[in-house]
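Reading the structure
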Amino acid sequence: MIDFRSDTVTKPTAPMLDAMFHAQVGDDVFGEDTSINALEEKVANMFGMEAAIFCPSGTMTNQIAIKCHTQPGDEIICDRLSHIYQYEGGGIGFNSGCSVHLIDGNYGRINAGQVEAAINNKNDVHKAYSKLVSLENTANRGGGSCYNFEDILEIKKVCDANDLFFHLDGARLFNALVAKNETPKQYGEVFDSISICISKGLGAPVGSLLLGSKNFISKARRIRKVFGGGMRQAGYLAAACIYALDNHVQRLKEDHEHAFQIANILKKKDFVGEIFTVETNIIIFEVKGRMTAAEMEARLQKNNIGVIAISKTQVRMVTHLDVSASMINETIQVLNDL
Ligand SMILES: *Cc1c(COP(=O)(O)O)cnc(C)c1O
């Protein structure tokens, strides 16, 4: 199957498995897994941040960050489509007892003016304390859209002026870095905490990291244990992540190129309406007229091509490491015949 359902479906490559096989491991709850320690240090250095912690999922890194930054009753400002709100099982309420102020952003991106308008008056006893602003880059439900870095700096100013913590859900940050020619250090300078996933486009089987100050990460280590995320000889997974960071970042350009190619074919189809601007590896488009989103999903499935109808009228396709150039050509032929 040519699987465009998500960039989480990738399998470890032979050299990645080899790196895992040869990993040095220990008990990470005792701080003795040398592969995990090396990964945490590598990522912290890469972003110019003090410390990092390895976790089993991006949901956990986001939820730990929210828990560390807030007290029950506080409020979080984020885009309406954010993963932390839409796709983490109500974790903001469940884990941290916080409310959200949702912003209708621009394909998943919010701006400084919107953030400023969302901040509650601290002296009004009716209102929750606004405590944290969370951005997503790239924005999944925005079709892999990327922020302009200047817009992030403007939001940072609002956070500083109003005592708000600033978190980045960077599950696909490396896609944004490659697309926009930016560096991890730029981001490390601006955010109080950053979550990155190595199990998406970078192709590791498991693994996310949360970055922040030393103090923040020691607090995060305690919360990770409470959430049940303290792992033991997980260095085998860390070795896959180190391999992915060393070998799979620059190649994300190919995934983006593949997504542009697919979007260009979709543009010509009479049953395709709006296609979200493709900036990275995600293509979200409207299906209308002689086909529904579900029918398109089923028709492609018959041709061994996996896509997801994410709503009654929208289909999502995601390119990644396990979709080759020849698979793209094969997909283009099938799409041409639809
Ligand atoms: C995938 C994803 C996550 C984390 O998901 P997990 O499956 O828990 O690793 C977080 N944020 C965004 C935007 C994502 O796409």
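Structure's up top.
Worth saying up front: this structure is predicted, and the values here are computed from it rather than measured.

Looking at the secondary structure, you find D7 in the loop between β1 (2–3) and α1 (14–21). Within the structure, D7 has its side chain in polar contact with the side chain of R172 (distance 2.7 Å). Here N281 takes part through its side chain, which lies 3.0 Å from a polar atom of the side chain of D7. With near-sequence residues (within four places) excluded, D7 lies in contact with R172, S199, K200, G201, N281, V318, T319 and H320.

Turning next to the sheet that holds strand β13 (residues 314–318). Two pairing modes exist for strands in a sheet, parallel and antiparallel, and in both the strands are linked by backbone hydrogen bonds. Spatially, 4 strands are ordered β9-β10-β13-β12 in an open sheet, and the strand pairing comes out antiparallel. Of all the strands in the sheet, the pair left with one neighbour each is β9 (272–275) and β12 (308–309). As paired elements, β12 and β13 share 2 bridges and run antiparallel to each other. The partner of I308 across the bridge, within β13, is R316.

Moving on: the packing of aromatic side chains. Counting across every chain of the model gives 5 aromatic pairs. Look at F149 and Y187: their rings are 5.1 Å apart centre to centre, the planes differ by 65 degrees, and that puts the pair in the edge-to-face class. Residue F149 is located in helix α7 (residues 149–161), and its partner Y187 is located in helix α9 (residues 184–190); the two are separated by 38 residues in the primary sequence. Judged by its relative accessible area of 11%, F149 falls in the buried class. Overall, the relative accessible area of 0% leaves Y187 in the buried class. Three or more aromatic residues joined by ring pairs make a cluster, and in this case those are F149, F166, Y187 and F191.

To continue, consider unusual backbone geometry. With an omega of 0 degrees, the peptide bond running from N137 to T138 counts as cis. Mapping T138 onto the fold places it in the loop between β5 (130–136) and α7. For Y107, which is not a glycine, the phi torsion comes out positive at approximately 50 degrees. Relative to the helices and strands, Y107 is located in the loop between β4 (99–103) and α6 (112–118). One non-glycine residue with positive phi stands out, namely N181, at about 55 degrees. Of note, N181 is situated in the loop between α8 (173–180) and α9. The exposure class of N181 is exposed, given its relative accessible area of 73%.

On to helix α2 (residues 34–47), then. The first and last C-alpha atoms of α2 sit 20 Å apart over 14 residues, in line with the 20 Å expected at 1.5 Å per residue. Every buried residue of α2 is accounted for by S35, I36, L39, E40, V43, A44 and F47. The buried residues of α2 occupy one face: seen down the axis, they fall within an arc of 165 degrees. Two to three positions downstream of the cap, the backbone nitrogen of S35 sits 3.1 Å from a side-chain oxygen, assigning the N-cap of α2 to D33. With its phi angle positive at about 60 degrees, G48 sits one or two positions after the end of α2.

Next up on the list: the packing of helix α12 (residues 252–266) against helix α14 (residues 325–337). Interaxial distance between α12 and α14 falls to 10 Å at its minimum, and their mutual angle equals 10 degrees. Taken as axis vectors, α12 and α14 run roughly parallel relative to one another. Within the contact between the two elements, α12 uses H258, Q261, I262, I265 and L266 and α14 uses A325, I328, T331, I332, L335 and N336. Across the contact of α12 with α14, the residue classes tally to 7 nonpolar, 4 polar and no charged.

Once that is clear, we can look at the pairing of strand β3 (residues 75–79). Counting buried residues in β3 gives 5 out of 5 residues, a clear majority hidden from the surface. One ladder, built from 5 bridges, connects β3 with β4; its direction is parallel. What sits directly across from D79, in β4, is I103. Where β3 and β5 come together, 3 bridges link them in parallel fashion. If you follow E75 over to β5, its bridge partner there is S130.

Looking now at the site of the ligand. What surrounds the ligand is the set S57, G58, T59, N62, H83, E88, E136, N140, D169, A171, R172 and K200. Between the ligand and G58, the relevant distance is 2.8 Å, taken from an oxygen atom to a main-chain nitrogen or oxygen of the residue. Ranked by residues supplied to the shell around the ligand, first place goes to helix α3 (residues 58–69) with 3 residues. Looking at side-chain class alone, the shell around the ligand contains 1 nonpolar, 6 polar and 5 charged residues.

Conventions we followed
Residues numbered from 1 in each chain as written. Predicted model: local features only at pLDDT ≥ 70, side-chain atom pairs only at ≥ 80, totals over all residues. Heavy atoms only, no water. Helix = DSSP H or I, 4+ residues; strand = E, 2+ residues; numbered from the N terminus. Polar contact = N/O pair within 3.5 Å; in protein donor to acceptor, adjacent residues only side chain to side chain. Contact = heavy atoms within 4.5 Å. Pairing = 2+ DSSP bridges. Phe/Tyr/Trp six-rings, centres within 6.5 Å; stacked < 30°, edge-to-face > 60°. Buried < 20%, exposed > 50% of the residue type's maximum accessible area, 1.4 Å probe, protein only. Expected span 1.5 Å × (residues − 1). Arc of directions from axis to C-beta. Axes fitted to C-alpha atoms, helices over the stretch in contact; angles between N-to-C directions. Parallel < 35°, antiparallel > 145°, perpendicular 65-115°, else oblique. Nonpolar A, V, L, I, M, F, W, Y, C, P; charged D, E, K, R; others polar. Near = heavy atom within 4 Å.

Everything listed is a geometric property; what it means functionally is a separate question.
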